[in-house]
Amino acid sequence: TMQSRNANAAASFVLALREDRRTPEHASYVLRFTNQDGRANRSPVKHSIVVEPDYAPEASIIAPREKLLDVRLGDTVAIEVEARDPDFALSSVRLRGQVQGRDTLDVPLLKNNHNGPFSSRYQFKPSEHGLKAGDVVDYWVAANDNRTPQANVAESPRQQFRIISPDPAQQPPPDRIAQRDPPRNPQNGQQ
């Protein structure tokens, strides 16, 4: 039912796709009017509705390129990220990190909605995040778009920093570091 006021009438409904992400929930609409005498338009024009899907954003780590990088406790490593939303806008981009499932890094890189490609750089210092020699940090970038009521989310592939002591003499024994590393899968018979 439309709300009317004088010669104007308005109604609203949510445009959405069904679960197949191709078929609109509402494929068309018609405007039916009834005058003060109770007479209605008999053959209202049918208007088609085309709903474009809202694609998920894209997120990637540009640098460092290594999937596993040894970082001394006192070092600083520049982490460069890129993100974009192919059809609308980004609402947030965050650099995330965990050590053995415990959050150690959650840095907002984007403060306001952003159209087009987004890039940012973060100076990662292990000593500022309560890390110690032997820790292995899984890190990634997460991007949200501005879809409502629920944003589309994308995450980059995870990479790792293995934190090592600034003094090689104080480096934990190799068996202790190995216990913190994720298990490796042998490839082609190599160990």
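The structure this text deals with has already been given above.
We now turn to the structure provided with this report. Being a predicted model, the structure only gives us computed values, none of them experimental. (Residues numbered from 1 in each chain as written. Predicted model: local features only at pLDDT ≥ 70, side-chain atom pairs only at ≥ 80, totals over all residues. Heavy atoms only, no water.)

Looking only at helices and strands, the chain has one helix and 13 strands in total. When the helices and strands of the chain are listed from N to C terminus, the series reads β-β-β-β-β-β-β-β-β-β-β-β-β-α. Counting all 191 residues of the chain, 32% fall into the buried class. Looking at the chain alone, contacts between residues at least 24 apart form 61% of all its contacts between residues at least 6 apart. (Helix = DSSP H or I, 4+ residues; strand = E, 2+ residues; numbered from the N terminus. Buried < 20%, exposed > 50% of the residue type's maximum accessible area, 1.4 Å probe, protein only. Contact = heavy atoms within 4.5 Å.)

Sheet architecture is open: three strands sit in the order β5-β7-β10, paired in antiparallel fashion. Across the chains shown, the open sheet's two edge strands, defined by having one partner strand only, are β5 (58–63) and β10 (118–124). The sheet shows a mean angle of 25° between the axes of neighbouring strands, direction not considered. One ladder, built from seven bridges, connects strand β7 (residues 77–84) with β10; its direction is antiparallel. What sits directly across from Val77, in β10, is Phe124. (Pairing = 2+ DSSP bridges. Axes fitted to C-alpha atoms, helices over the stretch in contact; angles between N-to-C directions.)

So, about the nonpolar core. Core analysis: the biggest nonpolar cluster contains 25 residues, and Ile79, Val93, Leu95, Leu109, Phe124 and Phe161 have the highest contact counts within it. With residues up to four places along the chain from it excluded, the contact list for Val93 reads Ala83, Val107, Pro108, Leu109, Leu110, Phe118, Val141, Ala142 and Ala143. (Core = buried A, V, L, I, M, F, W, Y, C linked by side-chain atoms within 4.5 Å.)

This part takes up the pattern of salt bridges. With the rule as written, the count across this model stands at eight salt bridges. For the salt bridge of Glu80 with Arg121, the shortest nitrogen-to-oxygen distance reads 2.5 Å. Linking Glu80 in strand β7 with Arg121 in strand β10, this pair joins segments that are 41 residues apart in sequence. When its relative accessible area of 26% is taken as the criterion, Glu80 is described as partly exposed. (Salt bridge = Lys/Arg side-chain N within 4 Å of Asp/Glu carboxyl O.)

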